[in-house]
Amino acid sequence: MTQDRKSLAAWLQAAPMMLVFAIFFLLPLVFVVIVSAWDYNEYEMLPAFSLRGYTDTFEGCIADLPELCTILKTYLKTLELCVLTWVLTLLIGFTVAYFLAFHVRSKTWQIVLTLICTIPFWTSNVIRMIAWIPLLGRNGLVNKGLMGMGLIRQPLEWLLFSEFSVVLALVHLFTFFMVVPIFNSMIRIDKRLIEAAYDAGASGWQTLTNIVIPLAKPGIVIGSIFVITIVMGDFVTVGVMGGQQIASAGKIIETRLNALQFPAAAANAVILLGITILIISSLTRIVDIRKEL
């Protein structure tokens, strides 16, 4: 009986958060799935079961085989941008976290430097994104500097409104989401393990690959989930830094919404959600992140 009361008390304590989760996450998600299965025309949604939103999305894809249709190319481009952003944020985030965890001895300075990393978040993402335009533009500081040093004879066109500028902005915006989880995992590593590895004659690379990286896996996976889920659905950064010339999965949803084709937009959102869940499921197979939450 005592055990039953403890179990009931635990459920009652978790009930408020479960209610919030259900209202603000599960319920909207259910509505999106339901709307994705509605019919529609040029003017309105029709609350009748139809998979038109999905069929219209992949219309002509079978006929175009073996060539990829536009929608599949768009999703592949989104995955490409996501992978590039993930790799770069992982490299930068891991390096910064490693420096904070193992080269900054003072706890106070670790906190101070971590807080400094949050300074960019004191301004809007849009402002931080637009700040790159005067630097990367045809007459921007980067091109003028390179021309002034005689390294180039004419401005580099690919610096702005290109995949390069999109990935650069995404890395700038979301690297912090990789730094914090990895740093949180690294700070828990017993420093005596590092000392023991060096005493046993291990090189720095061996210590990194055999001790630091395996023990930092939970933070790497959590940071990867943050970055991937944000980048997969991003359309503002792709639109602004790509000069509205680069398509993405998020951009497709925005276009459908602007055209008032809500079932088609919901269908694309469900497809994007499914792809993202598959990626996250693959990542969570690497390590049980529930121990870190």
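Residues numbered from 1 in each chain as written. Predicted model: local features only at pLDDT ≥ 70, side-chain atom pairs only at ≥ 80, totals over all residues. Heavy atoms only, no water.

1. Comments concerning the environment of Tyr98
Condition: Helix and strand definitions follow DSSP, with helices as H or I runs of at least four residues and strands as E runs of at least two, each counted in order from the N terminus. Contact criterion: two residues are considered in contact whenever any of their non-hydrogen atoms come within 4.5 Å of each other.
Positionally, Tyr98 belongs in helix H4 (residues 70-103). Residues Tyr98 and Leu208 lie 110 residues apart in sequence; the distance between their C-alpha atoms is 9.9 Å. The residues contacting Tyr98, other than those within four sequence positions of it, are His103, Met186, Leu208 and Val212.

2. Quick look at the nonpolar core
One broad rule of soluble globular proteins: the nonpolar side chains tend to lie buried together. This is how it is decided: Nonpolar cores were defined as sets of buried Ala, Val, Leu, Ile, Met, Phe, Trp, Tyr and Cys residues, with membership established by side-chain atoms within 4.5 Å. Each residue is assigned to one of three classes by its accessible area relative to the maximum for its type, calculated with a 1.4 Å probe on protein chains only: buried under 20%, partly exposed between the two thresholds, exposed over 50%.
Formed by 53 residues in total, the largest nonpolar core has its most connected members in Tyr75, Phe94, Phe102, Val166, Ile182, Met186 and Val212. Tallying contributions element by element places H4 first for this core, with 10 residues. Contact partners of Tyr75, with chain neighbours within four places excluded, come to Ala249, Ile252, Asn268, Ile271, Leu272 and Ile275.

3. Structural notes on a nonpolar patch on the surface
As a reminder of what qualifies: The patches described consist of residues with a relative accessible area above 30% and no salt bridge, like charges being joined within 9 Å and nonpolar side chains (Val, Leu, Ile, Met, Phe, Trp, Tyr) within 5 Å. The method behind every accessible area is Shrake-Rupley, applied with a 1.4 Å probe, and residues are considered shielded solely by the protein chains displayed. Every case where a carboxyl oxygen of Asp or Glu lies within 4 Å of a side-chain nitrogen of Lys or Arg is listed as a salt bridge.
Among the surface-exposed residues, Phe21, Phe25, Leu26, Leu29, Val33, Leu273 and Ile277 lie close enough to one another that they form a single nonpolar patch of about 570 Å² accessible area. Top contributing element to the nonpolar patch by residue count: helix H1 (residues 2-36), with 5 residues. If you trace the backbone, Leu273 turns up in helix H16 (residues 262-284). Take Leu273: its relative accessible area is 33%, and that puts it in the partly exposed class.

4. Concerning the packing of helix H11 (residues 191-199) against helix H12 (residues 204-215)
The criterion, for reference: Axis lines are fitted through C-alpha atoms, for helices just across the contact stretch, and the angle between N-to-C directions can take any value from 0 to 180 degrees. Angle categories: roughly parallel below 35 degrees, roughly antiparallel above 145, roughly perpendicular from 65 to 115, and oblique for all the rest. For a crossing to be left-handed, the near helix must be turned anticlockwise from the far one by less than a right angle; the clockwise case is right-handed.
One way to put it is that H11 packs onto H12 with a least axis distance of 10 Å and a crossing angle of 150°. In this view, H11 runs roughly antiparallel relative to H12, as classed from their interaxial angle. Note that H11 runs across H12; the crossing there is right-handed. In contact with Leu193, Ile194, Ala197 and Tyr198 of H11, H12 contributes Gly204, Thr207, Ile211, Val212 and Leu215.

5. With respect to the packing of H4 against helix H5 (residues 107-117)
Two elements in contact, H4 and H5, have axes separated by 9 Å at closest approach and are oriented at 160°. Looking at the two axes, H4 sits roughly antiparallel to H5. Of the two elements, H4 crosses H5, and the hand of that crossing is right-handed. Facing Phe99, Leu100 and Ala101 of H4, the residues of H5 in contact are Gln110, Leu113 and Thr114.

6. Overview of the side chain of Thr276
The residue Thr276 is located in helix H16 in this model. For Thr276, the contacting residues outside a window of four places in its chain are Thr229 and Met232.

7. Focus: the state of the cysteines
Counted only if it meets this: Two cysteine sulfurs form what is called a disulfide whenever their separation falls within 2.5 Å.
A full pass over the atoms with the stated rule returns 1 disulfide. Each disulfide pairs two cysteine sulfurs, and for Cys61 the partner residue is Cys69, the sulfurs being separated by 2.0 Å. Taking the sign of the S-S torsion, 70° for the link of Cys61 and Cys69, the bridge is right-handed. Look at Cys61 and you get buried, because its relative accessible area is 8%. The closest cysteine sulfur to the non-disulfide-bonded Cys82 is located on Cys69, 20 Å from its own sulfur. By relative accessible area, which is 4% here, Cys82 ends up buried.

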